[in-house]
Amino acid sequence: MRKPIMVGNWKMNTTSAEATALVTALKTELNEVTDVEIGVCPPFVYIQPVKQILQGSNIKTGAQNVYWESKGAFTGQVSPGMLKDIGCDYVLVGHSECRHVMGETDEVINKKIKVLLAAGLTPIFCVGEKLEQRQDNTTENVIRAQVEQGLNGVPKEKIKEIIVAYEPVWAIGTGKTATPEQAQEVHSFIRKLISLISNEETAQGMRIMYGGSVKPDNIKGLMAKDDIDGALVGGASLKADSFVKLVKYQ
Ligand code: 13P
């Protein structure tokens, strides 16, 4: 059985006071939850204070991005070793905003996945099609290319350490969530791809999260689907009240 996982991606939001208030509330209200893996990905500058508050809690922390070199003259970048050093568990890779706003390529995403695995961090590898690609019926081709290129050259036995997040670009921040059926179709397709790239056992063990306008009122339907193992949550993770409801969806 795959353990359900709920991760909040705060994106470029919160002040330091808001970040600490939010995790303080989450720590208290989610203290008893053990059947769902929980994580938060604050902006880089708030990871350490957030981690400090979360000490002794079951809530993990992640970063929203990383650079693929280990050190040196790369102004403005953060290395996998630095994230490991401050105790991060996950790192988001290939988020749609990095792909489509910052121009991140599959090649760059692939490098990041490899260095994260080498550093012992868990990549949350995001994939997803744009609206016009869905309308043109090219969703599967787009997802296949993103998965294959992102995992190119990753040792087969390492693939099971990755978490995948399917985030259709048209559903992110738009209030238009994919229907559970639409999401399930792509999740099952991703699981098949993983089994071809690695093996069936890895594919069955891999967690595939859904992201895109996940809210307390649509989480249950999504989580009821066989291949949906969790959610990567933007807007609704910024309020303790709604993120707590998402974690306690059952
Ligand atoms: P929203 O939940 O705000 O649509 O964002 C989804 C997302 O991009 C999570 O990474």
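Before any of the text, the structure's been laid out above.
Cut-offs used in this document
- Residues numbered from 1 in each chain as written.
- Predicted model: local features only at pLDDT ≥ 70, side-chain atom pairs only at ≥ 80, totals over all residues.
- Heavy atoms only, no water.
- Helix = DSSP H or I, 4+ residues; strand = E, 2+ residues; numbered from the N terminus.
- Contact = heavy atoms within 4.5 Å.
- Near = heavy atom within 4 Å.
- Polar contact = N/O pair within 3.5 Å; in protein donor to acceptor, adjacent residues only side chain to side chain.
- Areas by Shrake-Rupley, 256 points an atom, 1.4 Å probe, with all protein chains shown as cover.
- Nonpolar A, V, L, I, M, F, W, Y, C, P; charged D, E, K, R; others polar.
- Buried < 20%, exposed > 50% of the residue type's maximum accessible area, 1.4 Å probe, protein only.
- Phe/Tyr/Trp six-rings, centres within 6.5 Å; stacked < 30°, edge-to-face > 60°.

Before going further, it helps to examine the side chain of Arg134. Residue position: Arg134 is located in helix H6 (residues 131-135). Excluding residues that lie within four positions of it along the chain, Arg134 makes contacts with Glu129, Thr139, Tyr166, Trp170, Gln182 and Val186.

Let's shift gears to the site of the ligand. Around the ligand, 13 residues are found, and the nearest of them are Lys11, His95, Gly173, Ser213 and Gly235. The backbone of Ser213 places a nitrogen or oxygen atom 2.8 Å from an oxygen atom of the ligand. Interatomic distance of 2.8 Å between a backbone N/O atom of Gly235 and an oxygen atom of the ligand. In the complex, 96% of the free accessible area of the ligand, which totals 310 Å², lies under the protein chains. Split into classes, the residues belonging to the shell around the ligand amount to four nonpolar, seven polar and two charged.

Here Thr14, not a glycine, exhibits a phi torsion of approximately 85°, which is positive. With respect to the helices and strands, Thr14 occurs in the loop between strand S1 (5-9) and helix H1 (16-29). Unlike most non-glycine residues, Asn137 shows phi in positive territory, near 60°. The residue Asn137 is located in the loop between H6 and helix H7 (139-150) in this model. The exposure class assigned to Asn137 is exposed, which follows from its relative accessible area of 70%.

On inspection of all chains with the given rule, the structure shows three aromatic pairs. An angle of 40° between the planes, with centres 5.1 Å apart, marks the rings of Tyr67 and Phe74 as tilted. Overall, Tyr67 belongs to the buried group, its relative accessible area being 17%. Members of the aromatic cluster, each reached through a chain of ring pairs, are Tyr67, Trp68 and Phe74.

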